[in-house]
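# Coordinate inspection notes
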Amino acid sequence: MAALKHDINSVFMPRAMEHLARLKQPGTAGFVHYTSAATMISILRDRKIWMRNARCMNDVSEMQHGCDRLINALDSDRRREKLIDAMNLCSPGAAEKAFAIFDQHRPNILDRTFITCLSEHDQREDKLGRLSMWRAYGRDTVGVALVINKDVLFLEGNALNAFSSPVAYLTDEELLQDIDRIITNVGANEYWLKNVDPSQLQQVLFATLLFGVTSLKHPGFWEEREWRVIHSPDIFPSSVLKPAIEIVGGVPQQIFKIPLEDFAVHRNVGFSPDKIISRLIIGPSNYPGQVKEAMIDALSAAGVRNAADRVVMSDIPLRMHA
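Residues numbered from 1 in each chain as written. Predicted model: local features only at pLDDT ≥ 70, side-chain atom pairs only at ≥ 80, totals over all residues. Heavy atoms only, no water.

## Points about the pattern of salt bridges
- Tallied over the full model, the rule gives 21 salt bridges.
- A salt bridge links Glu125 to Arg130, with the shortest nitrogen-to-oxygen separation between them at 2.8 Å. Grouping residues by exposure puts Glu125 and Arg130 together as buried.
- Salt-bridge contacts for Arg225 lead to Glu125; the nearest nitrogen and oxygen are separated by 3.3 Å. In this pair, Arg225 is assigned in the loop between strand 7 (216–217) and strand 8 (226–231) and Glu125 in the loop between strand 3 (114–121) and helix 7 (131–137), connecting sequence segments 100 residues apart.
- One continuous salt-bridge network, built from bridges that share partners, spans Asp122, Arg124, Glu125, Arg130 and Arg225. (Salt bridge = Lys/Arg side-chain N within 4 Å of Asp/Glu carboxyl O. Buried < 20%, exposed > 50% of the residue type's maximum accessible area, 1.4 Å probe, protein only. Helix = DSSP H or I, 4+ residues; strand = E, 2+ residues; numbered from the N terminus.)

Written out as structure tokens, the structure reads:
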């Protein structure tokens, strides 16, 4: 029997909520955004972080594979029907509506989803960064790691209408077990869920399916410890995030930009560069001193106080060639 969970997100997204609860504990990992030094200068100058289309990400094939795996898991042993049956005892019709909306949007989810990728960051990485990420972002360029104040992801307000979700590195068997766990949770919380607004149940189940598509990866990538900030403008439009056309690697594409500024009217306070940037780690480079000076200047210009104290140079040995 599953434990009673009078938190609707914990009923439908137990694994994600457990990750969230773990990271809220004092002294636990924070978040980091690995990118190139050139992109970092652009972020600081514009005070905006880009959200790129899922189709333009390095691992889009993995995301498509994740979508297919989720659908196959729901079809396995009638799990979709079992989930609908369990929810109908609480709120008749809510699950059918959620699945209908999901099936309507599913063909275009990857085409119309915009993502910023973060990684969990341990304090022991504060001076070095992570070798595998430097290998990914330091080839033919200078990589940098933007360590972010983790409290930003836990703010109560959501002016952006963007949602943070941990990536799930699941085997097929683990994915089936997660769906079974949700079905069990719904049954265990049947009487409480009867008092929840059906539209809220519908929305949370739809969000669970959406995050399942956009946050499921092969378990071989687990060491990345990735989180994704996800925006679906056709489903959850935002008055703050605005589209723009940028050229990335010679390819014109639509992106959305997260403004690095406070939105006090929406209770989102803590997005300014001075508040959101904990430190900046410069990856292995032939010109570490020059890059450090440039980053300190860019941070200061963006309003970051004590910028020099927040920049460190990784001395991790990186061998790019055999």
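## Focus on the packing of aromatic side chains
- Taken as a whole and assessed by the stated rule, the structure comprises six aromatic pairs.
- Measuring from centroid to centroid gives 5.1 Å for Phe31 and Trp227, while their planes differ by 75°, and the two rings are edge-to-face. With Phe31 in strand 1 (residues 30–36) and Trp227 in strand 8, this residue pair connects regions lying 196 residues apart in the sequence.
- Judged by its relative accessible area of 0%, Phe31 falls in the buried class.
- The exposure class of Trp227 is buried, given its relative accessible area of 2%. (Phe/Tyr/Trp six-rings, centres within 6.5 Å; stacked < 30°, edge-to-face > 60°.)

## Topic: empty space enclosed by the protein
- A complete count under the given rule lists one cavity of 30 Å³ or more for this structure.
- Space inside the largest cavity adds up to approximately 430 Å³.
- Lining the largest cavity are 26 residues, with Phe12, Asp178, Ile182, Thr208 and Gly212 positioned closest to its centre.
- Every element with two or more residues in the lining of the largest cavity is listed here: helix 2 (14–24), helix 4 (60–75), strand 5 (163–166), helix 8 (172–188) and helix 10 (198–214).
- Classifying every residue of the lining of the largest cavity gives 18 nonpolar, five polar and three charged. (1 Å grid on protein atoms, 1.4 Å probe; cavity = no way out; pocket = protein on both sides within 12 Å on 5 of 7 lines; lining within 4 Å. Points joined across faces, edges and corners; volume = space filled by probe spheres on them. Nonpolar A, V, L, I, M, F, W, Y, C, P; charged D, E, K, R; others polar.)

## A look at the pairing of strand 4 (residues 143–148)
- In terms of burial, strand 4 is largely enclosed, as six of its six residues are buried.
- In this structure, strand 4 lies alongside strand 11 (residues 277–282), joined through five bridges in antiparallel fashion. Along strand 11, the bridge assignment pairs Val147 with Arg279. (Pairing = 2+ DSSP bridges.)

## Description of the environment of Thr116
- If you trace the backbone, Thr116 turns up in strand 3.
- Residues Thr116 and Ser164, spaced 48 residues apart in sequence, show a C-alpha to C-alpha distance of 9.3 Å.
- Not counting the four nearest positions on each side in its chain, Thr116 is found in contact with His33, Ile49, Trp50, Met51, Trp227, Arg228, Val229 and Ile258. (Contact = heavy atoms within 4.5 Å.)

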